[in-house]
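# Per-entry structural report
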Amino acid sequence: MQNNSIKRYYAPASTGNMSVGFDLLGAAFAPVDGSLLGDVLEIHGEATELSLTISGRYLHQLPAGTSDNLVIQAFYAFEQALGKALPRLKLHLQKNLPVGSGLGSSACSIVVAFYAFNDYFGQPFSQAALLELMAIAEGGVSGSVHYDNVAPSYFGGLQLMLPGSTKICRSLPWFADWQVVLCYPGTVLSTKAARAVLPKQLSLGHSIQFAGTLSRFVSALYSQDQEDAAAALQDLVAEPARLPLIPELLPLRAALAEHGVLHLGISGAGPTLFAVCNSGAVAEQAASYLQQHYAKNQDALTVVCRLATTGARALEN
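Here is a short report on the structure shown in this document. (Residues numbered from 1 in each chain as written. Predicted model: local features only at pLDDT ≥ 70, side-chain atom pairs only at ≥ 80, totals over all residues. Heavy atoms only, no water.)

### Some details on the pairing of strand S4 (residues 38–47)
Every other side chain in a regular strand lies on the same face of the sheet, so the side chains alternate between the two faces. The buried count for S4 comes to seven of 10 residues, which makes it a mostly enclosed element. Where strand S1 (residues 7–12) lies against S4, six bridges are found, and the strand directions are antiparallel. Its bridge partner lying in S4, arginine 8 is registered against glutamate 42. Taken together, the six bridges between S4 and strand S6 (residues 88–94) define a ladder with antiparallel strand orientation. Paired with isoleucine 43 across the strands is leucine 91, a residue of S6. (Buried < 20%, exposed > 50% of the residue type's maximum accessible area, 1.4 Å probe, protein only. Helix = DSSP H or I, 4+ residues; strand = E, 2+ residues; numbered from the N terminus. Pairing = 2+ DSSP bridges.)

### A short note on the sheet that holds S4
Reading across the sheet, the five strands line up as S5-S6-S4-S1-S13 and stay open at both edges, with mixed pairing between neighbours. The sheet terminates laterally at strand S5 (51–55) and strand S13 (313–315), the two strands that pair on one side only. Across the sheet, the axes of successive neighbouring strands diverge by a mean angle of 25°, strand direction being ignored. In the packing of helix H1 (residues 70–82) onto the sheet, the strands contacted are S4, S5 and S6, and the crossing angle to S6 comes to about 140°. On top of the sheet, helix H2 (residues 105–120) reaches S1, S4, S6 and S13; it is set at about 35° to S4, its chief contact. (Axes fitted to C-alpha atoms, helices over the stretch in contact; angles between N-to-C directions. Contact = heavy atoms within 4.5 Å.)

### Some details on the nonpolar core
Ranked by size, the top nonpolar core spans 80 residues in total, and within it Leu41, Phe117, Leu158 and Phe217 carry the most contacts. It is H2 that provides the largest number of residues to this core, a total of nine residues. With residues near it in sequence (within four places) discarded, leucine 158 still touches Met18, Leu25, Gly26, Ala27, Arg170, Ser171, Leu172, Pro173, Trp174, Phe217, Leu221 and Leu307. Grouped together as the second largest cluster of nonpolar side chains are 22 residues, Val261, Leu273, Val282 and Ala283 included. (Core = buried A, V, L, I, M, F, W, Y, C linked by side-chain atoms within 4.5 Å.)

### What to know about unusual backbone geometry
That bond from glycine 270 to proline 271 is cis: its omega, 5°, falls within 30 degrees of zero. Note that proline 271 resides in the loop between strand S10 (263–266) and strand S11 (273–277). The phi dihedral of aspartate 23 falls on the positive side, at around 65°, and the residue is not glycine. The topology assignment puts aspartate 23 in the loop between strand S2 (14–16) and strand S3 (25–31).

### A closer look at the packing of aromatic side chains
Overall, the coordinates contain 12 aromatic pairs when judged by the stated rule. An angle of 25° between the planes, with centres 4.4 Å apart, marks the rings of tyrosine 154 and phenylalanine 155 as stacked. A residue is classified by how much of its surface remains accessible, and tyrosine 154, at 7% relative accessible area, is buried. Among the aromatic residues, those joined into a ring-pair cluster are Phe75, Tyr76, Phe78, Phe117, Tyr120, Phe121 and Phe125. (Phe/Tyr/Trp six-rings, centres within 6.5 Å; stacked < 30°, edge-to-face > 60°.)

### Notes on the packing of H1 against H2
Direction vectors running N to C along H1 and H2 enclose 40°, while the axes themselves pass 9 Å from each other. Judged by the inter-axis angle, H1 sits oblique to H2. Handedness of the H1/H2 crossing: right-handed. Seen from H1, the contacting residues are Leu70, Val71, Ala74, Phe75, Ala77 and Phe78; seen from H2, they are Ser106, Ser109, Ile110, Ala113, Phe114, Phe117 and Asn118. Looking at the contact of H1 with H2 residue by residue, the class counts come to 10 nonpolar, three polar and no charged. (Parallel < 35°, antiparallel > 145°, perpendicular 65-115°, else oblique. Left-handed = near helix turned anticlockwise from the far one by under 90°. Nonpolar A, V, L, I, M, F, W, Y, C, P; charged D, E, K, R; others polar.)

### Quick look at H1
If you check H1, its first and last C-alpha atoms are 18 Å apart, about what 13 residues at 1.5 Å a residue would give, namely 18 Å. Where H1 is concerned, the buried positions are Leu70, Val71, Ile72, Ala74, Phe75, Phe78 and Glu79. Capping the start of H1 is the job of one residue whose side-chain oxygen sits 2.8 Å from the backbone nitrogen of valine 71: asparagine 69. With its phi angle positive at about 85°, glycine 83 sits one or two positions after the end of H1. (Expected span 1.5 Å × (residues − 1). Polar contact = N/O pair within 3.5 Å; in protein donor to acceptor, adjacent residues only side chain to side chain.)

### Some points on the pattern of salt bridges
Applying the stated criterion to the full structure yields six salt bridges. Across the pair arginine 8 and glutamate 42 runs a salt bridge whose closest N-O atoms are separated by 3.6 Å. Placement of the pair is arginine 8 in strand S1 and glutamate 42 in strand S4, with a sequence separation of 34 residues. For the pair arginine 8 and glutamate 42, a shared accessibility class is recorded, and that class is buried. (Salt bridge = Lys/Arg side-chain N within 4 Å of Asp/Glu carboxyl O.)

### Observations regarding the packing of helix H9 (residues 249–257) against helix H10 (residues 280–293)
At a minimum axis distance of 11 Å, the contact between H9 and H10 shows a crossing angle of 150°. Regarding the angle of H9 to H10, the classification is roughly antiparallel. As for the relative orientation of H9 and H10, their crossing is right-handed in sense. Contacts from Leu252, Ala255 and Leu256 of H9 reach H10 at Ala286, Tyr289, Leu290 and His293.

Spelled out as structure tokens, the structure:
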């Protein structure tokens with residue numbers, strides 16, 4: 001039973017890269033059935049010691065101890081950034097995302113924690129300052145600071161990162177009819193390991209091609225040109241290097257194209273795949289096919305989603 005004194009917070013799952021925008025594009029998703037796809041953090045009040053209990057479908061993927069959990073780390077990072085001691089809290093995390101899945105699992109825990117602490121302690125940090133803290137914490141997990149998971153999980157929608165800008169990111173338009181099927185096969189792929197296989201540099205021609213496809217995609221979104229946007233969904237940076245880690249991608253892409261799927265790509269660092277569909281009927285077909293041909297064990301997860309209209313937020317008890 002929920003106690004009215006318990007404060008509950010939620011942050012949604014996210015997909016980084018979106019194929020065409022390596023480290024520069026990220027999207028947050030919400031299941032079409034209205035369920036939550038992300039982590040929930042509960043603050044049960046203040047206590048003499050900071051404590052965390054954890055539940056959820058993917059609890060078994062986390063270390064047994066909680067002292068190194070990202071939520072605990074986020075509390076101490078929040079306190080240090082604030083520059084003063086804070087009351088200790090009794091916390092409970094509902095871990096609903098698999099670890100090392102490409103669904104922004106670490107970012108989700110980080111975002112919901114920082115958002116919750118900022119809200120609970122009277123919002124001492126601005127959105128920009130809080131996002132920076134989130135990105136630094138995420139960088140400690142993935143090996144480098146990037147925003148393409150924390151930004152959409154925090155703000156919702158499709159976010160374009162703006163390197164060098166004080167705005168950090170900007171929300172992009174989307175297509176009302178488009179749905180995205182997320183399929184996690186049940187296996188773990190370390191973000192650090194997936195980043196280790198990436199090329200260290202790109203040629204001039206390759207760089208121009210990457211910039212061109214990203215520009216084409218963003219332009220098509222603003223023009224509401226679905227055909228051109230779908231054609232621009234090409235991963236010229238990460239996918240070629242990561243194909244040996246996910247050999248099923250190309251045959252699955254070919255099969256799903258016959259079902260009308262616009263694009264099948266790697267969600268973040270993988271192994272989750274995301275299928276972009278222009279109708280609910282196509283999305284349902286894609287979900288069924290991926291569940292049958294890509295899911296590998298009981299941890300597998302296949303969800304039909306829309307773009308999340310909101311990101312991190314407080315939940316009603």
